[in-house]
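# Observations on the three-dimensional arrangement
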Amino acid sequence: MKDFKWPKHSILAIAVIATWIKTVIVYETSFDMKIENAMQLLILIINPLSFLLFFYGLALFLKSPKARNRFIVGGSILLAFVLYGNVAFYRFYNDFVTLPVLFQTSNFGELGTSAAAIINWTDILYFVDVAIILIALKLMPKSVEFTPIRKDARKAYFVMTAAVLFLNLGLAETERPQLLTRAFDRELLVKNIGTYNYHLYDVYVQSKSSAQRALADGSELVEVSNYVRANQAEPNIQMFGKYEGRNVIAISLESLQSFVINNEMNGEVITPFLNSLTQDKDTYYFNDFYHQTGLGKTSDSEFIFENSLYGLGRGAVFFTHGENTYNSFAERLGENGYFTNVMHANNKSFWNRDMIYKSFNLNEFYDIESYEVTEETSVNWGLKDIPFFEQSAALMKEMPQPFYSRLITLTNHYPFYLDPEDVMIPEYDSNSGTLNRYFQTVRYLDESVKEFFDDLKEQGLYEDSIIVMYGDHYGISENHNKAMAKYLNKEEITPYDSALLQAVPLYIHIPGDNEGQVMDNVSGQLDIRPTLLHLLGIETSKDMQLGADLFSEEHEDFVIFRDGRFITDKVVYAGEVCYDRATGESIEIDACQPYIDRATQELEYSDQIINGDLLRFYDSETGNLLTDQNYK
Ligand code: GP9
Ligand code: MN
């Protein structure tokens, strides 16, 4: 040991390596992260490195070696506590901690009482890197750390740190495209960018939204509410309250677009059951209806359904504004004696659902824990839709009535995989495997809905319910335009076509109604909330919602997409070009201009409500603004 020559900055190197190795071991031993391939493993291994290089590297800005060493030791203790805190939280909640959760003391009430069960003495091992650093400091001759710091060397060090970060992000982007922009799952974030970077990212997202929230006061609401009131559509008197007291069963049809409905693929019918419903006497089928989601996709569609507000232009509102005050569809039904719930056989933390559902005042979330999921009954993202529906119907049977259940299907999800025994029609034959398989998973989805209708009848729930079904967002992105052009027999897919392809089906199926018809209102997901509330006889004239009742005489043929595109019965506006809807030819912008202004305005108002958390200043019962003294 005596002859050993300690290289420069040994302590820094030891700290980075020790904490790095410890962190990877902790990932493996303390978190239940599913690693599916070698690339994921590689990402997992390198993901703590960029942060650790950066964090410990800050010591290089300190002149005195003593201060540097103190910083490194102190830093390692801090990081050990952060990691250990995560482990303890994970043991209890099976989830990674987020800032709002950390500050929600009620969460820790529960944690506190069971702390003894969570912590055990071997946990001291989580601090092993601190011990290693201390030992190294003891063994190292003082002279080594006295090396002065060269500025160019320090610069090179941070360039290398940045390179490691970009390598990490690059690999993560290939493994999980849009991870940071969509930010859909805490586990995926940790898996891909590491616990430490994840916390930084969380701090960034949360502080941005709390700053906007802090700056808001109720005054913006006056303008927003004038707009909402001016654009309100009076309910249709014949339909208002016609189905008061019925159960509401809403089904989110994963990735289902309208182009498959009443259509064929190489002579095969794709959606026989959903086709039959378009002609059914108890069904209102909306054939000019569009999704209005952004990057939050399914979660955005849920948000829109519940609030009749848009999601955000960036990221997923489910993640960034899960703690806001809302006046959701569920809350309105809850006030009217309904038992409200969501059913989805996935992890509760996915999309931050567990958090935001509390803000929506939903009574219950039947997540994966409520379902029996086996190897045979799952494919791709989880439980297959047929067993999901079957088990859901059985769960519904036990619910107090009237209830509102929103079911989120999953099998028809990208990359559209099926087990061989579930395949009912052959693949399509284009250059896109995605589109080729899509028809098959859509066919499966159709079958599952058909069986669900039978399940509901069997459970005796069918007659007393309204069944609403809607496509949550597109399934086939513009990356598959060539294949889509082939399928649709077009030369190419233009921006005009792409806009119209955002059509998703909407069915409002009301057993016993007898007056069902095909409805051609140009409409979108924001319209579902007011339509359903009115059917149930629940007033919405005071609600801060941007959609309009689809049965109202005053419903306007105008649908705005989250990205500013829009469609009316006369025009399509896409890629900043105004098209004649009937011909697809581009026309003078004047024909679109008034709508452009309204679309911009409406999206802006929606963003204001969310970013400023403005509904906390609003009393939705009276329609009054709450003053500082009494707001929620
Ligand atoms: C997962 C499901 C899918 O829980 O909601 O989300 P998506 O990728 O479609 O937005
Ligand atoms: Mn989806």
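These numbers come from a predicted model, not from an experiment. (Residues numbered from 1 in each chain as written. Chains lettered and ligands numbered in written order. Predicted model: local features only at pLDDT ≥ 70, side-chain atom pairs only at ≥ 80, totals over all residues. Heavy atoms only, no water.)

A word on the overall build of the chain. Scanning the chain from terminus to terminus reveals 23 helices and 21 strands. For the chain, whose C-alpha radius of gyration is 28 Å, the value lies close to the compact-globule estimate of 26 Å for 632 residues. In the chain, which comprises 632 residues, the proportion classed as buried is 58%. Counting only contacts in the chain whose residues sit at least 6 apart along the sequence, the fraction spanning at least 24 positions is 75%. (Helix = DSSP H or I, 4+ residues; strand = E, 2+ residues; numbered from the N terminus. Rg over C-alpha atoms; globule rule 2.2 N^0.38 Å. Buried < 20%, exposed > 50% of the residue type's maximum accessible area, 1.4 Å probe, protein only. Contact = heavy atoms within 4.5 Å.)

This part is about the environment of Glu372. Among the secondary structure elements, Glu372 is positioned in the loop between β7 (364-366) and β8 (378-379). Expressed as a C-alpha distance, the spacing of Glu372 and Phe551, which sit 179 residues apart in the sequence, is 39 Å. The contact partners of Glu372, leaving out residues within four places of it in the chain, are Thr377, Leu383 and Gln391.

Another aspect to go through is a positive patch on the surface. Taken together, the side chains of Lys66, Arg70, Lys138 and Lys142 present a region of like positive charge at the surface. Summarising the element assignment, Lys138 is placed in helix α8 (residues 128-139). What makes Lys138 exposed here is its relative accessible area of 74%. (Patch = residues over 30% accessible without salt bridge, like charges linked within 9 Å, V, L, I, M, F, W, Y side chains within 5 Å. Areas by Shrake-Rupley, 256 points an atom, 1.4 Å probe, with all protein chains shown as cover. Salt bridge = Lys/Arg side-chain N within 4 Å of Asp/Glu carboxyl O. Lys, Arg positive; Asp, Glu negative; His and termini not counted. Charge placed at Lys NZ, Arg CZ, Asp CG, Glu CD.)

Before going further, it helps to spend a moment on the sheet that holds strand β15 (residues 558-560). Strand order in the open sheet formed by 5 strands is β15-β16-β17-β18-β19, and the pairing between neighbours is antiparallel. In the strand order of this sheet, the two ends are held by β15 and β19 (586-587), each with one partner. Pairing of β15 with strand β16 (residues 566-568), which is carried by 3 bridges, proceeds in the antiparallel orientation. Within β16, the residue paired with Phe558 across the bridge is Thr568. Sheet contacts for helix α23 (residues 593-611): β15, β16 and β17 (571-574); angle to β15, the most-contacted strand, approximately 50 degrees. (Pairing = 2+ DSSP bridges. Axes fitted to C-alpha atoms, helices over the stretch in contact; angles between N-to-C directions.)

Below, the discussion takes up the nonpolar core. The biggest cluster of nonpolar side chains holds 73 residues, and the ones touching the most others in it are Tyr404 and Ile508. When neighbours within four sequence positions are excluded, Ile508 is seen to be in contact with Asp282, Thr283, Tyr284, Phe286, Ile466, Ile467, Val468, Thr531, Leu535 and Phe551. Listed in part, the 50 residues of the second largest apolar core include Tyr371, Met396, Phe416 and Val442. (Core = buried A, V, L, I, M, F, W, Y, C linked by side-chain atoms within 4.5 Å.)

Together, Glu234, Glu539, Glu553 and Glu554 make up a negatively charged patch on the protein surface. Checked against the element boundaries, Glu234 lands in the loop between α12 (220-230) and β1 (247-253).

With that settled, consider the pairing of strand β6 (residues 339-343). Burial runs high along β6: 5 of the 5 residues are buried. The alternating pattern of β6 places Phe339, Asn341 and Met343 on one face and Thr340 and Val342 on the opposite face, and all of these are buried. Across 5 bridges, β6 lies against strand β10 (residues 403-408) in parallel orientation. Along β10, the bridge assignment pairs Met343 with Leu407. Pairing of β6 with β7 involves 3 bridges; the strand directions are parallel. Considered in β7, the bridge of Val342 is made with Phe365. The parallel pair β6 and β7, bridged by helix α17 (residues 353-359), forms a crossover whose chirality is right-handed. (Right-handed = clockwise from strand over helix to strand, strands pointing away.)

Turning to the confidence of the model for the chain, a few remarks are in order. Averaged over all residues, the pLDDT of the chain equals 92, while 94% of them reach at least 70. Between residues 105-110, whose pLDDT stays under 50, and residues either more than four places distant or in other chains, the model counts 7 contacts. (pLDDT = per-residue confidence, 0-100.)

Turning our eyes to something else, we now look at the environment of Val522. Relative to the helices and strands, Val522 is located in the loop between β13 (518-519) and β14 (523-524). Between the C-alpha atoms of Val522 and Val559, which are 37 residues apart in sequence, the distance is 6.3 Å. For Val522, the residues in contact, after removing those within four places along its chain, are Asp288, Tyr290, His555, Glu556, Asp557, Phe558, Val559, Ile567, Thr568, Asp569 and Arg581.

Next up on the list: the packing of helix α14 (residues 297-307) against helix α22 (residues 528-535). It is the contact of α14 with α22, at a shortest axis distance of 6 Å, that shows an interaxial angle of 40 degrees. Viewed along their axes, α14 and α22 adopt a mutual orientation that is oblique. Seen from α14, the contacting residues are Phe305, Glu306 and Asn307; seen from α22, they are Ile528, Arg529 and Leu532. (Parallel < 35°, antiparallel > 145°, perpendicular 65-115°, else oblique.)

The terminal C-alpha atoms of α8 lie 17 Å apart, and with 12 residues this matches the ideal 16 Å at 1.5 Å per residue to within 8%. Restricting attention to buried positions, one finds in α8 the residues Asp129, Val130, Ile133, Ala136 and Leu137. For α8, the buried positions fall inside an angular range of 125 degrees around the axis, keeping them on one side. In α8, the exposed residues that point more than 90 degrees away from the buried face are Lys138 and Leu139. (Expected span 1.5 Å × (residues − 1). Arc of directions from axis to C-beta.)

What follows covers the state of the cysteines. Among covalent bonds in proteins, the disulfide is the one between the sulfur atoms of two cysteines. Counted by the stated rule, this structure contains 1 disulfide. In this model Cys578 forms its disulfide with Cys592; the gap between the sulfur atoms is 1.9 Å. Its S-S torsion of about 80 degrees marks the bond between Cys578 and Cys592 as right-handed, since a negative value means left-handed. Note that Cys578 is positioned in strand β18 (residues 577-580) and Cys592 in the loop between β19 and α23, a separation of 14 residues in sequence. Overall, the relative accessible area of 1% leaves Cys578 in the buried class. The class of Cys592 is buried, set by a relative accessible area of 0%. (Disulfide = S-S within 2.5 Å.)

With the rule as written, the count across this model stands at 26 salt bridges. For Arg529, the salt bridge identified is with Asp543, shortest N-O distance 2.9 Å. Of this pair, Arg529 sits in helix α22 while Asp543 is found in the loop between α22 and β15, placing the two residues 14 residues apart along the sequence. The burial state of Arg529 is the same as that of Asp543; both residues are buried. Arg616 is the partner of Asp613 in a salt bridge, and the nearest nitrogen-oxygen pair spans 3.7 Å. Neither residue differs from the other here; Asp613 and Arg616 are each classed as buried. Connected via shared salt-bridge partners are Glu302, Glu306, Arg353 and Arg406.

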